[in-house]
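Overview (structure and organization)
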Amino acid sequence: MRRQLQISLALMLAGSAFVVAAQSNAPSSPAPGQAPSTSNPGATGAATGATTGAATPGPQANIQAKVAMCIGCHGIPGYQATFPEVHKVPMIAGQNAKYIASALTSYAKGDRKHPTMRGIALPLSDRDVTEISEYYAGLAKVEPVPATVEAPADVKKLLDKGVCASCHGANFSKPIDGTYPKIAGQHADYLYVALKSYQIEGKPYHGRTNAVMAGQVKQFSHAELKLLSQYLAGLPSELRTVPQSRFR
């Protein structure tokens, strides 16, 4: 009798050990409402590899994200701003990269007073400014313009008085320094507003502080600035507004 009890107890223990081992090797049962797990060491490794090998946005996607705020004005032909007065926004495709970078930096610092442009320029890093500037400089594929024809006598007198060509080049498309803008063919109403802004002092939200430009522009009347702007706008240009869409 004692011998039989010992055998029965041994069989029970062996059966329990088998059940425990089987349960530890079997897949866990999903909780009610939960999909069964299909993971295993090999699958986990594969999933990890797929994650690390996932595609990342390329340079084109990155620059499109950075210029998204620019497109709403500078990517629409004929688009007009209303501050400080109604005028077409400047063409910046084909403009000198160093000039675009300098302008953005000036807006961020407040040397160029413009609430909208300051709000756009302030968050930009140095790298953002460089990449945006280079993007727009290369956006317009335009042949270099020829030498500008002789200006009418009244306009030539004003150009000589302001020594405009000494910085912006003989055809006003080849500045002597990359931080100076190409102005040939730029919108006349924008040029007029920009030139007048150098005459403004003491206003918190309007005006530009540039000693060289202020010294040149303050010697002209508004009528003379308008005449200069109209002449420059009519010259052959390397500047363009390249139509762009925010929705790509």
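Preceding this section is the structure that the text describes.
None of the values given here were measured: they were computed from a predicted structure.

A few words now on unusual backbone geometry. A cis amide bond links F83 to the next residue, P84, at an omega of -5°. Relative to the helices and strands, P84 resides in the loop between β1 (80–81) and β2 (87–88). Positioned with a positive phi, V163 is a non-glycine residue whose angle comes to about 40°. You can see V163 is positioned in the loop between α8 (153–161) and α9 (165–168). One non-glycine residue, F172, lies in the positive phi region at around 60°. Note that F172 resides in the loop between α9 and α10 (188–197). Taking the relative accessible area as the measure of exposure, F172 reaches 4% and is therefore buried.

This next bit is on the environment of V217. Along the chain, the position of V217 falls in helix α11 (residues 211–217). Of the residues examined, V217 reaches a relative accessible area of 3% and is grouped as buried. The sequence separation of V217 and G162 amounts to 55 residues, and the corresponding C-alpha distance is 7.4 Å. Setting aside its immediate chain neighbours within four residues, V217 contacts L195, Y198, Q199 and L225.

This part covers the environment of H87. Among the secondary structure elements, H87 is positioned in strand β2. Judged by relative accessible area, which is 7%, H87 ranks as buried. Separated by 106 residues in sequence, H87 and V193 place their C-alpha atoms 7.6 Å apart. Leave out the neighbours within four places in its chain, and H87 touches Y79, Q80, A81, D189, Y190 and V193. Polar contacts involving the side chain of H87 include one to the main-chain carbonyl oxygen of E85, which spans 2.8 Å.

Parameters and conventions
Residues numbered from 1 in each chain as written. Predicted model: local features only at pLDDT ≥ 70, side-chain atom pairs only at ≥ 80, totals over all residues. Heavy atoms only, no water. Helix = DSSP H or I, 4+ residues; strand = E, 2+ residues; numbered from the N terminus. Buried < 20%, exposed > 50% of the residue type's maximum accessible area, 1.4 Å probe, protein only. Contact = heavy atoms within 4.5 Å. Polar contact = N/O pair within 3.5 Å; in protein donor to acceptor, adjacent residues only side chain to side chain.

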